[in-house]
Amino acid sequence: MELTECPPAIASLKRELARRNIELDYCDTGTAARNLVLSRLPAGATVMNGGSATLEQIGVLDALRTGPYEYPRPKIYLINDPVKRLAARRNASIADYFVGGINAITSAGEIVNSDGSGNRIAAYAFGAGKLILVAGINKIVPDLGAAFERMRNVAARDECRHLGVDTPCALTGNCDNASCRGPQRQCGKVLIIENEKVSGRICVVLIGEELGY
Ligand code: SF4
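The notes below deal with the structure included here. (Residues numbered from 1 in each chain as written. Predicted model: local features only at pLDDT ≥ 70, side-chain atom pairs only at ≥ 80, totals over all residues. Heavy atoms only, no water.)

### Re the overall build of the protein
Tallying secondary structure elements over the protein gives 9 helices and 9 strands in all. Rg of the C-alpha trace for the protein: 17 Å, near the compact-globule value of 17 Å for 213 residues, within the 12% margin. On the principal axes, the C-alpha backbone points of the protein span a range of 45 × 40 × 30 Å. Counting contacts in the protein only where the partners sit at least 6 residues apart, residues at least 24 apart contribute 73% of the total. Here the protein has roughly 10300 Å² of accessible surface; of this, 52% comes from carbon and sulfur atoms. (Helix = DSSP H or I, 4+ residues; strand = E, 2+ residues; numbered from the N terminus. Rg over C-alpha atoms; globule rule 2.2 N^0.38 Å. Contact = heavy atoms within 4.5 Å. Areas by Shrake-Rupley, 256 points an atom, 1.4 Å probe, with all protein chains shown as cover.)

Next up, the structure:
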């Protein structure tokens, strides 16, 4: 499908990611991004997603639920046995295709994500056959310091509030890393993707809108 020409700042990020063996495609709207993501998913493939407000907002998750894919997430929700459910979640992290969001991406192309349990970033790091990461332009930050700031004081905080847990960030609006321990913490595991060895494995779909958190 035809892609939108990148604005200059995005073209620079595309070059930086290319040096890291990561593709970037730019779409000016969420609808265009949804169509691009779906065009990359072959019918019949096993496709899993990581939790992502952006994917929900642009309609990718609805398409996975109704499309011609082997999509394990709805089945996992129906498993009551905790041992079987954990096994199914582990298996889903090695899906043929995995789509997910980004907590922050630096101008130099470092991709930063955190997780509570780590299933999403396990797929990001190695498990998934191909990885498609979708993000609005609001996820672009100048450097790793700003990426960690955003990851905790925006992304993890809003995820904690979404889940209704009483972590310090959810209660006060600000991260208190030193006092935040226990199973409610949503950013206990952190992944920085600096480089990809396998050509064509990772594609970032950047959208010219503010999306997600
Ligand atoms: S360490 Fe705790 S308080 Fe800080 S962002 Fe993560 S979940 Fe929130």
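### Points about the site of the ligand
Surrounding the ligand, one finds Arg152, Ala156, Cys160, Pro168, Cys169, Cys175, Asp176, Cys180, Arg185, Gln186 and Cys187. Among the detected pockets, the ligand sits in the largest cavity. Elements with a minimum of two residues in the shell around the ligand: α8 (144-163) and α9 (168-172). Classifying every residue of the shell around the ligand gives 7 nonpolar, 1 polar and 3 charged. (Near = heavy atom within 4 Å. 1 Å grid on protein atoms, 1.4 Å probe; cavity = no way out; pocket = protein on both sides within 12 Å on 5 of 7 lines; lining within 4 Å. Sits in = over half its atoms within 2 Å of the grid points. Nonpolar A, V, L, I, M, F, W, Y, C, P; charged D, E, K, R; others polar.)

### Side note on the nonpolar core
In this structure, Leu17, Leu24, Ile111, Tyr124, Leu133, Ile193 and Val204 are the most contacted members of the largest nonpolar core, which totals 28 residues. Residues within four places of Val204 in sequence aside, it is in contact with Leu17, Ile22, Glu23, Leu24, Asp25, Ile102, Ile111 and Leu133. In this structure, Leu55, Tyr69, Tyr71 and Val99 belong to the second largest nonpolar core, which totals 24 residues. (Core = buried A, V, L, I, M, F, W, Y, C linked by side-chain atoms within 4.5 Å. Buried < 20%, exposed > 50% of the residue type's maximum accessible area, 1.4 Å probe, protein only.)

### Side note on the layout of surface pockets
Each pocket or cavity is described by its volume, and for the largest pocket that value is around 970 Å³. In terms of lining residues, the largest pocket is bounded by 34 residues, among which Gly51, Ser52, Arg73, Glu159 and Leu163 are the most central. Breaking the lining of the largest pocket down by element, the ones donating at least two residues are β2 (47-49), α3 (53-58), α4 (60-66), α5 (73-77), α6 (82-92), β5 (111-115), α7 (119-127) and α8. It is α8 that contributes the most residues to the lining of the largest pocket, 6 residues altogether. Tallied by class, residues from the lining of the largest pocket come to 13 nonpolar, 12 polar and 9 charged. (Points joined across faces, edges and corners; volume = space filled by probe spheres on them.)

### A short note on the packing of aromatic side chains
Taken as a whole, this structure holds 1 aromatic pair when the rule is applied. With a centroid separation of 6.0 Å and an interplanar angle of 80 degrees, the aromatic rings of Phe98 and Tyr124 are classed as edge-to-face. Residue Phe98 is found in strand β3 (residues 97-101), and its partner Tyr124 is found in helix α7; the two are separated by 26 residues along the sequence. The exposure classification of Phe98 matches that of Tyr124, with both residues buried. (Phe/Tyr/Trp six-rings, centres within 6.5 Å; stacked < 30°, edge-to-face > 60°.)

### Overview of the pattern of salt bridges
Where charged atoms from two side chains of opposite charge approach closely, those side chains can pair. The full count for this structure, using the stated rule, is 10 salt bridges. Asp115 is the salt-bridge partner of Arg120, the closest N and O atoms lying 3.2 Å from each other. A relative accessible area of 9% places Asp115 in the buried class. Of the charged contacts, one joins Arg157 and Asp158 as a salt bridge, the two residues approaching to 2.8 Å between their closest N and O atoms. (Salt bridge = Lys/Arg side-chain N within 4 Å of Asp/Glu carboxyl O.)

### Details of the sheet that holds strand β7 (residues 140-141)
The strand order β7-β4-β5-β8 describes an open sheet built from 4 strands, whose pairing is mixed. The sheet terminates laterally at β7 and β8 (189-193), the two strands that pair on one side only. Where strand β4 (residues 104-106) lies against β5, 2 bridges are found, and the strand directions are antiparallel. Bridge assignment links Ile105 to a residue of β5, and that residue is Ile111. Docked against the sheet, helix α1 (residues 8-19) engages β4, β5 and β7, running at close to 85 degrees with respect to β4. The strands that α8 touches are β4, β5, β7 and β8; relative to β5, the one it contacts most, it runs at about 30 degrees. (Pairing = 2+ DSSP bridges. Axes fitted to C-alpha atoms, helices over the stretch in contact; angles between N-to-C directions.)

### Considering empty space enclosed by the protein
Going through the model one piece at a time under the given rule, you end up with 2 cavities of 30 Å³ or more. Roughly 90 Å³ of volume is contained in the largest cavity. In terms of lining, the largest cavity is formed by 13 residues, of which the most central are Cys169, Cys175, Cys180, Arg185 and Cys187. Sorting the residues of the lining of the largest cavity by element identifies α8 and α9 as the ones contributing at least two each. Looking at which element gives the most residues to the lining of the largest cavity, the answer is α8, with 3 residues. Here the residues of the lining of the largest cavity sort into 7 nonpolar, 3 polar and 3 charged. Reported here for the second largest cavity is a volume of approximately 40 Å³. As for the second largest cavity, its lining consists of Met48, Asn49, Arg89, Ala92, Ser93, Phe98 and Asn119. Those elements that place two or more of their residues in the lining of the second largest cavity are β2 and α6. When its residues are assigned to classes, the lining of the second largest cavity shows 3 nonpolar, 3 polar and 1 charged.

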